[in-house]
Amino acid sequence: MSQRLFLFSLVLFGMGPVYAQSNRTVDVDASVLTDEVYYLIPVDDDENGNGNEDEDEDNQGSSGNAGNNGTSSTQSGTTKGDSATSAIGTSAVMAPPGGGGGPGGGGSSGPDPVHETYARQHIKEDLTPYGVDLLGESFDLGTGTLSFNHTDVSIPGNNGLEVAIRRTVNTAQGIYNPDNEFGDWELDIPRLEMTVSAEAPYPRWRNNRCSSYSDPGDIYYFGNWYRNYEYWNGLKMHIPGQGVQTVLDNPKVPLKSGGNVKKSTTQYWDIECTNVGGSEGFIATSPNGIRYHFDKIRYLPAKGVEKDFKVMGRKRAQALATRVEDRFGNYVNYNYTGTTLNSITSSDGRTITINYGSHGQISSVVANGRTWTYGYTVNTASGYDFLTSVTWPNGQSWSIDLDELILAETTPGLYLQCGAARVSATGTVTHPYGTKGTYTITETAHGRTNVPKVSNTSNANCTEPYHAQRSYDVLSLTQKKLEGPGLSTMTWNYIYSENQGGWAGDGTNPLKTTRVNKPDGSLSLIHISEP
């Protein structure tokens, strides 16, 4: 294990220069260091020479995407180089022996108490610069689907359990959900979710949803069989800030929790069953012992599945979190009236209160006496409410215009096969500090391989006469542009291979690629593997 030495200077009066170190010899010019004491404190290096970088990252929170947070984030760091570097904010500051000045009193009694307090509490002193993702967007390199994720409020506490207000929107959702808490945006909280049939007599989600298989099976509706893979996307667990995991039935080797484990996830979480009001819920336990109680059931609209010119309705079945707890007894409660979240409270006293307007959307949230306010505009074409502003407590605000992106739909039939014009739409998001992002999505074909070749002669003449098509249309991100005060306009263009895909057993596996043309003139070519 290597070591790096940090240099601290403390002024002492009435004393000559004193030099302390750990197992090393340091050459010092005494003529320059008169009346000062220097302490050389060894600090462990990681393999990249970053000192206590791992510890800093643990204490830095989830502000990697600075544009998602309602305030500027800060972080510490050390300046790399040959010279000694101040380590305040990255390692403990050691007080000099004696704790006082020289004879006669006076002088310094030790390190600056403010800086020492910052160091001990790991308070960061340097601002983190925003990156090109400051507007919170992300997109799938394979399909080009565009989404946004913002964190408006996040209250730190005495434990690692999150108390926060996050919101998310996916431009590929294909349907406006009037039950969303933020209009076209959805309140992002921990949940389990899958799509189910909305048609009678099929149950939306069985009461024994935990102890039984997640797969709802095939459904016969309106003269057609709908195979499970045509309308169901599997059971998923979504933890904000940690991504999405697939839930697996009947794990052969329970990892942590014991005999009542009925399911597990691809990232080694165990899921037990619980009974709430005669209906089953879930308790998911992470590998580090965090337990999520998912037992508030609700249904949201989902885009239907079309077959032979008939549409089978679907719902998004969700099991929302009601409580999160760690193995030390700390907890966070999600408090509802019906299925409406009213507040988030924690065992260490953190509280976020949620207020709703006359149309059922969140109008404001309050935390520590500060208020975040949400503004909506009714889209005249659809009559729906869309989130258009988020105002911080200091008066600065986000400006959002995504109506066109959310309402855009792909052309009926496949545009490559049917020769239809491509659908295109544009939306904007403007940061409170002035940076504006313009996003363009365009109907794009995406091929897939190993598709079952099952005849269906009732398909439209312009599409191939099979139940499942080799390619499908997606409203994919094709351009992103950033501009703002003091910022040269930057443009990214995204180009997809748009191959036709291949049938099962025909031996074809066409190459699927995504090309990104960047503002500096460079490009990236991403190869997407197809099973």
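In the block above lies the structure referred to throughout.
Computed from a predicted model, the values in this text were never measured in an experiment.

**Details of the overall build of the protein chain**
Broken down by element type, the protein chain carries five helices and 32 strands. Looking at the protein chain residue by residue over its 531 residues, the buried ones come to 44%. Element-wise, carbon and sulfur atoms account for 49% of the exposed surface of the protein chain, whose accessible area totals about 25,800 Å².

**Quick notes on the sheet that holds strand E8 (residues 164-170)**
An order of E6-E7-E8-E9 is seen for the four strands of this open sheet, with the pairing classed as antiparallel. The outermost strands of the open sheet, each flanked by one partner alone, are strand E6 (137-139) and strand E9 (186-187). Of the strand pairs in this sheet, E8 and E9 are connected by two bridges, and their pairing is antiparallel. Paired with threonine 168 across the strands is glutamate 186, a residue of E9.

**Topic: unusual backbone geometry**
Although it is not a glycine, asparagine 368 adopts a positive phi angle of roughly 55°. On the basis of relative accessible area, asparagine 368 is assigned to the exposed category, the value being 63%.

**Let's talk about the environment of valine 132**
Note that valine 132 resides in the loop between strand E5 (126-127) and E6. Beyond its immediate stretch of four places on either side in the chain, valine 132 contacts Glu137, Lys480, Leu482, Met490 and Trp492.

**Points about the pairing of strand E31 (residues 512-517)**
Relative to E31, strand E30 (residues 487-496) runs antiparallel, the two sharing four bridges. When the bridges of E31 are listed, tyrosine 494 appears paired with valine 516. Two strands pair when backbone bridges link them, and E31 and strand E32 (residues 523-528) are joined in this way by six bridges, in the antiparallel orientation. Of the residues in E32, the one forming a bridge with valine 516 is serine 524. Linking two consecutive strands that pair antiparallel, namely E31 and E32, is a turn of five residues; a positive phi of about 90° is found at glycine 521 within it.

**Section: the state of the cysteines**
As enumerated under the stated definition, the model contains one disulfide in all. A sulfur-sulfur separation of 2.1 Å characterises the disulfide bridge that pairs cysteine 210 with cysteine 273. Handedness here is read from the sign of the S-S torsion; for cysteine 210 and cysteine 273, about -85°, the answer is left-handed. On the criterion of sequence distance, the pair formed by cysteine 210 in the loop between strand E10 (191-197) and strand E11 (219-221) and cysteine 273 in strand E16 (residues 270-276) is long-range, its members being 63 residues apart. Residues cysteine 210 and cysteine 273 agree in their burial class; the two are buried.

**Concerning the packing of aromatic side chains**
Under the criterion given, the structure shown has 12 aromatic pairs. Measuring from ring centre to ring centre gives 4.7 Å for phenylalanine 139 and tyrosine 494, while their planes differ by 65°; the resulting arrangement is edge-to-face. Residue phenylalanine 139 is found in strand E6, and its partner tyrosine 494 is found in strand E30; the two are separated by 355 residues along the sequence. Owing to a relative accessible area of 9%, tyrosine 494 belongs among the buried residues under this scheme. Both rings, one in tyrosine 221 and one in tyrosine 226, keep their centres 6.5 Å apart while their planes meet at 45°; by these two values the pair is tilted.

**Describing the pattern of salt bridges**
Within the structure shown, the criterion is met by 16 salt bridges. Of the charged contacts, one joins glutamate 162 and arginine 166 as a salt bridge, the two residues approaching to 2.8 Å between their closest N and O atoms. Judged by its relative accessible area of 11%, arginine 166 falls in the buried class. Put simply, Glu181, Glu186, Asp188, Arg191, Glu193, Arg298 and Arg316 are held in one network by salt bridges that share partners.

**Some words on the side chain of arginine 350**
With respect to the helices and strands, arginine 350 occurs in the loop between strand E21 (340-346) and strand E22 (351-356). Judged by relative accessible area, arginine 350 falls into the buried class, the value being 7%. Of the polar contacts made by the side chain of arginine 350, one reaches the side chain of aspartate 348; its length is 3.0 Å.

The rules behind these values
- Residues numbered from 1 in each chain as written.
- Predicted model: local features only at pLDDT ≥ 70, side-chain atom pairs only at ≥ 80, totals over all residues.
- Heavy atoms only, no water.
- Helix = DSSP H or I, 4+ residues; strand = E, 2+ residues; numbered from the N terminus.
- Buried < 20%, exposed > 50% of the residue type's maximum accessible area, 1.4 Å probe, protein only.
- Areas by Shrake-Rupley, 256 points an atom, 1.4 Å probe, with all protein chains shown as cover.
- Pairing = 2+ DSSP bridges.
- Contact = heavy atoms within 4.5 Å.
- Disulfide = S-S within 2.5 Å.
- Phe/Tyr/Trp six-rings, centres within 6.5 Å; stacked < 30°, edge-to-face > 60°.
- Salt bridge = Lys/Arg side-chain N within 4 Å of Asp/Glu carboxyl O.
- Polar contact = N/O pair within 3.5 Å; in protein donor to acceptor, adjacent residues only side chain to side chain.

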